[in-house]
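# Coordinate inspection notes
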Amino acid sequence: MLKKQLFRRLFITGFILSIIALQVQSSPEPINSPELIKSPEPINSPELGNSPEPVKSLEPIKSPEPVKSLEPIKSPEPIKSLEPVKSAEIESAPRDNQGRFTNQSGELSHGSLSVRLGFYLRRFGTLFRGDDGAPKRVVNEGAFLRDNNSTPTVTWIGHATLLVQMEGVSFLTDPIWSQTPSPLPPVGPSRWVDPGMALEDLPSIDFVVVSHNHFDHLDIPTLRKLAARNADTVFFVPLGNADLLIKKGITQVQELDWGETAQYKNIQVHCLPTQHWSKRKLSDTRKALWASWAIIGSERRFYFAGDTGYFAGFKLIGDKLGPFDLAAVPIGAYEPRAMMAETHMNPEEAVQAALDVQADTALAIHFGTFDLSDEPLAEPPQRFKAAARETVFGVDKSWVLDIGETRKF
Ligand SMILES: [Zn+2]
């Protein structure tokens, strides 16, 4: 075991050195070192929380607007029954003069060369980073969730992966069951905590929403398993991402631009802005779009912020589509600020984002699962709770779940 570990670390060290030269030339995707896979914790039964269930007034459906003039980079065969319409009164994603997607505030800073170089060099230190302060994991065998057809629930699988049930459908956000989010596993960021539920134990999944193509959010092995498990599962992705899935044999894909809405049964799936970027290889920076998602039914309204810096768009989303019963906001991967501030919110900004979209309850995601950045492992949830306590969310409506925990919302 030790030999294997040593070999792996030597391999990683060589790999990291070779990519530093490449990475510092362009906008960086956090690269990290793997550690030993943690063994599962003792079995605990998940609990359903007893949060109040305020009935939200229905927002009228916006009337469709003319289709935008911008041509998507990729145009897959749309799924006929799910043709998106422009309906949220939110601007399409902007593009730069090379046709690449950009942000509402233009191109973002990823820090100076020296900041980025320092960051990647510090990744070596994480070869021996322990898992003190990682989230607790409770084993969830999913029996209640597989039978559930009426209770709105959210289950944290880990990182930005949530299983949400509302209005009689089950969907996943940014599903990743892989141990290492990386183009070259097992080289890549360590997983500190195993997924909170086995993929095989999931209820039948109606659809998946993917926020963007970074490896910790768009995990091809997981998406292929989900498609193989249920051929009817629909994968909603932002513009420019469908071809990647289709090439991997996943055909039930629907691409949306910011401000577009697809109707899935009785639910509206809204593709909405974030402030982020995309990249899976050296030549594809910002060629595929990034997004957040609002999933809106007649009884529940859910917002998934994906992976984003804090930006003015949250207020607009709240104005156009709020209030939400539950908003999942990313609270981790924010240090060093000189590199991360524009693309990753810190916990205080995440609380503000949940306020901006007019959430009843804020749910912390995107922390404690993969080793992506410099902040101490236990810090994001502590700062999130402290910041939320000072707001209308208070203690009861700022949720930090255990991995594998299910709550009613
Ligand atoms: Zn990302």
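Above this text you will find the structure in question.
What comes next concerns the included structure.

Reading guide: rules and limits
Residues numbered from 1 in each chain as written. Predicted model: local features only at pLDDT ≥ 70, side-chain atom pairs only at ≥ 80, totals over all residues. Helix = DSSP H or I, 4+ residues; strand = E, 2+ residues; numbered from the N terminus. Contact = placed C-beta atoms within 7 Å. Core = buried A, V, L, I, M, F, W, Y, C linked by C-beta atoms within 7 Å. Buried ≥ 20, exposed ≤ 12 C-beta atoms within 10 Å, placed from the backbone. Arc of directions from axis to C-beta. Pairing = 2+ DSSP bridges.

## As for the environment of Ala-387
Checked against the element boundaries, Ala-387 lands in helix H9 (residues 379-389). On a C-alpha basis, the gap between Ala-387 and Pro-347 in space is 7.4 Å, while along the polypeptide they are 40 residues apart. Excluding residues that lie within four positions of it along the chain, Ala-387 makes contacts with Pro-347, Glu-348 and Val-351.

## Notes on the nonpolar core
The biggest cluster of nonpolar side chains holds 97 residues, and the ones touching the most others in it are Ala-327 and Val-329. In this view, Val-329 contacts Ala-305, Ala-350, Ala-353, Ala-354, Ala-362, Ala-364 and Ile-365; residues no more than four positions away in its chain are not counted.

## A few points about H9
Listed in full, the buried residues belonging to H9 are Pro-380, Pro-381, Phe-384, Ala-387 and Ala-388. Seen end-on, H9 carries its buried residues on one side only, within an arc spanning 135°. Tucked into the core, H9 has its buried residues touching helix H8 (347-356), strand E13 (359-365) and strand E14 (398-399).

## Notes on the pairing of strand E8 (residues 260-264)
Taken across its five residues, E8 has four buried, putting it largely inside the fold. In terms of strand pairing, strand E1 (residues 85-86) meets E8 through two bridges, oriented antiparallel. Bridge pairing in E8 links Val-85 to Thr-261. Examined bridge by bridge, E8 and strand E9 (residues 267-272) share four bridges and lie antiparallel to one another. Residue pairing in the sheet places Thr-261 in a bridge with His-270 of E9. Here E8 folds back onto E9 in antiparallel fashion, the turn holding two residues, of which Lys-265 has a positive phi close to 50°.

## With respect to the pairing of E13
Within a regular strand, the side chains alternate between the two sheet faces. Most of E13 sits out of view: seven of its seven residues are buried. Direction of pairing for strand E12 (residues 324-330) relative to E13: parallel, over a ladder of six bridges. Its bridge partner being in E13, Leu-326 is matched across the sheet by Thr-361. Note: E13 against E14, two bridges, orientation parallel.

## Some details on helix H6 (residues 313-321)
Of all the positions in H6, only Gly-313, Phe-314, Leu-316, Ile-317, Gly-318 and Leu-321 are classed as buried. Buried residues along H6 sit against E9, strand E10 (292-296) and H8.

## Section: the environment of Val-154
Of note, Val-154 is situated in strand E2 (residues 153-158). Exposure remark for Val-154: the 25 C-beta atoms within 10 Å place this residue in the buried category. In this structure, the C-alpha to C-alpha distance between Val-154 and Leu-326, residues 172 residues apart in sequence, is 9.3 Å. For Val-154, the contacting residues outside a window of four places in its chain are Leu-162, Val-164, Leu-326, Leu-363, Arg-407 and Phe-409.

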